[in-house]
Amino acid sequence: MPKFEYAPAPESRAVVDLQSSYGLFINGEFTDGSGTSFKSISPATEEVLAEVSAASEADIDNAVAAARKAYTRVWSKMSGADRGKYLYRIARILQERAREFAVLETLDNGKPIKESRDVDIPLAAAHFFYNAGWADKLGYAALPGGANPQPHGVVGQIIPWNFPMLMLAWKIAPALATGNTVVLKPAETTPLTALLFAEVCQQADLPPGVVNIVTGAGPTGQAIVDHPGIDKLAFTGSTGVGKMIARAISGTRKKATLELGGKAANIVFDDAPIDQAVEGIVRGIFFNQGHVCCAGSRLLVQETIADEVESRLKRRLETLRVGDPLDKNTDVGAINSRAQLDRIIALTDVGEAEGAVRWDNGCELPSKGFWFRPTVFTGVTQTHRIAQEEVFGPVLSVLTFRTPQEAVAKANNTPYGLSAGIWTEKGSRILWMADQLKAGVVWANTFNQFDPTSPFGGYKESGYGREGGRHGLEPYVKGTLS
Ligand code: NDP
């Protein structure tokens, strides 16, 4: 296949007004905090973008107190219609400032600008619009509490680095719509868009203390989890930290939703339109550098078409453009951190040592920053670690199957259960498979499609609770539906 040369098409970063240092956002104001600070760098260049405060336990105390005061005095007393107005206002400001958010996200996270511009930020705004619509209709949403669902109070929210702004929206929008106030911690490597969001809260005149943003690393997250003033926790991240949180709150009155890892099977039958399936495989695992909890990291392909799919896939991967995330032509950006790159290298080395056959697209990589070539492992068996563990990088493991029953058995042979994909022309087979697959989300003839109206969440070690849709409101109100 001929390779096209593309002239550079960099998005200007002039739209972003980067400050050299950022404090914490507590009670509607930026404060220095009493802890230390850390640097947020661009993973594409290793350039230091800003110095950011690490919130101490005393800072978390202040943030929780501000959230409590805002909850009791203002937010819990406000009508749903009025809360909705604030959420609509935030959504509109996000749209107005979308380019600024997209560029900042790409700088701090390393993801391609075409993804932050076309996926992350528009979807983040859509989650605020969607939840704004619910704020005055909660009594009709069939939630616990019936006609008068009650919020928990102060919610602690801890989010990861793979979709910083989108995960913030998934967390904050339903919490506020249902009448809770929040203390949110973004990931250490990607705090900047959350801090820009704090500015949006000021711009929208959100009452002080309704949203508090506390930056920091694991210990800051731990301080939120352990704080007695937190009524409910919402966490997205690794299964390891999710289990620690579940242990920490067991025996307390705190509620939690956990959205954890995944090892999704993307299953291609021999009647599937192969070129479309190849695009779906690429979207499934190379979107966002594979830093996606629901990534289609295991390709299960029917044996009769395995060779053809493999050769078409490799040909397609040779055309992927890897490099400067701010370039509008870039398909695959930088790995988010040195630590994550080291994890990917370690696990792929194990894949080779265990006998799987490694292939990568051979593209040139920039000399600075954290990069990993789109990689495919064939000859993978179910016991290989690369077939069992979350690599969380641009790495696909290919396995084969002969019958639908075998595909189901292999797809379900994982401790996770977040998502799955099915590629076939037969509608009846899609329905049968979707019924058998232990996965919270099943895509048919597509992959990695997201919408605020659609609930998302997992089975087994992928966590519990749903985010998005009417179901996503439920964890933010008291009681359960019996
Ligand atoms: P973590 O689970 O450590 O990070 C998620 C969030 O939890 C971050 O904000 C993190 O803070 C915070 N955190 C870390 N330790 C604690 C703690 N003890 N108590 C409370 N909060 C805490 O993920 P990693 O960044 O370490 O990534 C490790 C692996 O996890 C990846 O390789 C990937 O496999 C998986 N992962 C899965 C995600 C998913 O969406 N399913 C998302 C991210 C990672 P900080 O970042 O500041 O340390």
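Read on for a plain summary of the structure. (Residues numbered from 1 in each chain as written. Predicted model: local features only at pLDDT ≥ 70, side-chain atom pairs only at ≥ 80, totals over all residues. Heavy atoms only, no water.)

A look at the overall build of the protein chain
Counting its secondary structure elements, the protein chain contains 14 helices and 18 strands. Each principal axis of the C-alpha atoms in the protein chain carries an extent, and together these give about 65 × 50 × 35 Å. Across the 482 residues of the protein chain, 59% fall into the buried class. The long-range fraction of contacts in the protein chain, counting pairs at least 24 apart against all pairs at least 6 apart in sequence, stands at 75%. Carbon and sulfur atoms provide 51% of the accessible area of the protein chain, an area that totals close to 18,500 Å². (Helix = DSSP H or I, 4+ residues; strand = E, 2+ residues; numbered from the N terminus. Buried < 20%, exposed > 50% of the residue type's maximum accessible area, 1.4 Å probe, protein only. Contact = heavy atoms within 4.5 Å. Areas by Shrake-Rupley, 256 points an atom, 1.4 Å probe, with all protein chains shown as cover.)

Details of empty space enclosed by the protein
Under the counting rule described, the total for this entry stands at four cavities of 30 Å³ or more. Looking at the largest cavity, its volume works out to about 80 Å³. Residue lining of the largest cavity: 15 residues in total, with A411, T414, G417, S419 and K438 positioned closest to the centre. Taken together, the residues of the lining of the largest cavity break down into eight nonpolar, four polar and three charged. (1 Å grid on protein atoms, 1.4 Å probe; cavity = no way out; pocket = protein on both sides within 12 Å on 5 of 7 lines; lining within 4 Å. Points joined across faces, edges and corners; volume = space filled by probe spheres on them. Nonpolar A, V, L, I, M, F, W, Y, C, P; charged D, E, K, R; others polar.)

Quick notes on the pattern of salt bridges
For the structure on display, the rule yields 27 salt bridges. The salt bridge involving K137 is made with D136; its shortest N-O contact spans 2.9 Å. R402 is paired through a salt bridge with E303; the nearest N and O atoms lie 3.1 Å apart. Taken together, the positions of R402 in the loop between strand 15 (395-401) and helix 13 (404-411) and E303 in the loop between strand 12 (298-302) and helix 10 (306-317) put the pair 99 residues apart, joining distant regions of the chain. Note on R402: relative accessible area 56%, which makes it exposed. The partly exposed category is assigned to E303, whose relative accessible area is 39%. One connected set of salt bridges, linked through shared partners, spans R68, D231 and R253. (Salt bridge = Lys/Arg side-chain N within 4 Å of Asp/Glu carboxyl O.)

Regarding helix 14 (residues 427-436)
Along helix 14, the residues classified as buried are R429, I430 and M433. Down the axis of helix 14, the sector holding all buried residues measures 100 degrees, keeping them to one side. In helix 14, those exposed residues whose orientation departs by more than 90 degrees from the buried face are S428, L431 and D435. Tucked inside the fold, the buried residues of helix 14 contact strand 11 (265-268), helix 13, strand 16 (419-423) and strand 17 (441-444). (Arc of directions from axis to C-beta.)

Describing the site of the ligand
The full set close to the ligand counts 27 residues, and I159, W161, E188, S238 and L260 are the nearest of them. At a separation of 2.8 Å, an oxygen atom of the ligand approaches a polar backbone atom of I159. In this structure, Q340 approaches the ligand through a side-chain N or O atom, which is 3.0 Å from an oxygen atom. Taken by itself the ligand offers 850 Å² of open surface, and the protein chains cover 87% of this. The cavity that encloses the ligand is the largest pocket. Those elements that place two or more of their residues in the shell around the ligand are helix 7 (218-226), strand 9 (232-236), helix 8 (239-249) and helix 11 (338-353). It is helix 7 that provides the largest number of residues to the shell around the ligand, a total of four residues. For the shell around the ligand, the per-class residue count stands at 13 nonpolar, 10 polar and four charged. (Near = heavy atom within 4 Å. Polar contact = N/O pair within 3.5 Å; in protein donor to acceptor, adjacent residues only side chain to side chain. Sits in = over half its atoms within 2 Å of the grid points.)

As far as function goes, none of this settles anything; it's purely spatial.
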